[in-house]
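Each chain, letter by letter, is given below.
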Amino acid sequence: MSRKKIELTEKVAKLTEKYLEVNDTDFNDLINKALKLYLMDHLNSSQIKEALKKTDDFNSTYAGKWFQESIEDLNKY
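Below: a short report on this structure. (Residues numbered from 1 in each chain as written. Predicted model: local features only at pLDDT ≥ 70, side-chain atom pairs only at ≥ 80, totals over all residues. Heavy atoms only, no water.)

**Here's the deal with the overall build of the protein**
Here is step 1: Along the backbone of the protein there are 4 helices and 0 strands.
Here is step 2: The order of α-helices and β-strands along the protein, N terminus first, is α-α-α-α.
Here is step 3: Buried positions account for 12% of the 77 residues belonging to the protein.
Here is step 4: In the protein, the proportion of contacts linking residues at least 24 apart, taken out of those at least 6 apart, comes to 39%.
Here is step 5: Total accessible area computed for the protein in this model is approximately 7,000 Å², and 52% of it derives from carbon and sulfur atoms. (Helix = DSSP H or I, 4+ residues; strand = E, 2+ residues; numbered from the N terminus. Buried < 20%, exposed > 50% of the residue type's maximum accessible area, 1.4 Å probe, protein only. Contact = heavy atoms within 4.5 Å. Areas by Shrake-Rupley, 256 points an atom, 1.4 Å probe, with all protein chains shown as cover.)

**Let's talk about the pattern of salt bridges**
Here is step 1: Applying the stated criterion to the full structure yields 3 salt bridges.
Here is step 2: For the salt bridge of Lys5 with Glu7, the shortest nitrogen-to-oxygen distance reads 3.8 Å. For the pair shown, Lys5 and Glu7 are each scored as exposed.
Here is step 3: Residue Lys14 is joined to Glu10 by a salt bridge in which the shortest nitrogen-to-oxygen separation is 3.3 Å. (Salt bridge = Lys/Arg side-chain N within 4 Å of Asp/Glu carboxyl O.)

**Here's the deal with helix α1 (residues 10–23)**
Here is step 1: An ideal rise of 1.5 Å per residue puts 20 Å on 14 residues; α1 measures up with 20 Å between its terminal C-alpha atoms.
Here is step 2: A positive backbone phi angle near 45° is found at Asp24, which sits one or two residues after α1. (Expected span 1.5 Å × (residues − 1).)

**Description of the environment of Ser46**
Here is step 1: Inspection of the secondary structure puts Ser46 in helix α3 (residues 45–54).
Here is step 2: What makes Ser46 partly exposed here is its relative accessible area of 45%.
Here is step 3: Only 2.7 Å separates the side chain of Ser46 from the side chain of Asn44, close enough to count as a polar contact. (Polar contact = N/O pair within 3.5 Å; in protein donor to acceptor, adjacent residues only side chain to side chain.)

**A few points about a nonpolar patch on the surface**
Here is step 1: Taken together, the side chains of Leu35, Tyr38, Leu39 and Leu43 make up a nonpolar region of the molecular surface, amounting to roughly 370 Å² of accessible area.
Here is step 2: By the secondary structure assignment, Leu39 is in helix α2 (residues 27–42). (Patch = residues over 30% accessible without salt bridge, like charges linked within 9 Å, V, L, I, M, F, W, Y side chains within 5 Å.)

**Looking at α2**
Here is step 1: Along its 16 residues, α2 runs 22 Å from first to last C-alpha, staying within 8% of the 22 Å computed at 1.5 Å per residue.
Here is step 2: The distance from a side-chain oxygen at the start of α2 to the backbone nitrogen of Asn28 is 3.0 Å, and the residue carrying that oxygen is Asp26.

**Quick notes on the side chain of Thr16**
Here is step 1: Within the element layout of this structure, Thr16 appears in helix α1.
Here is step 2: At 2.7 Å, the side chain of Thr16 and the backbone oxygen of Val12 are in polar contact.
Here is step 3: In contact with Thr16, not counting residues within four places along its chain, are Leu8, Phe27 and Leu30.

Structural data, given as structure tokens:
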């Protein structure tokens, strides 16, 4: 898994701390879920499939399954 450094603004950091406290979740889980939802909302399906196809650790079957599950996750909201 790739590691990225992020810097939160003061307000976002405070909101994040409160959210983690209230929901008893891990920072990395929160960031991954939030970023996934954001990206799924801002990329079209062909862009998502293309991005996943280019990664070494996704084969086309898995990428298609992941994409379908992601769409189903988004439909819950």
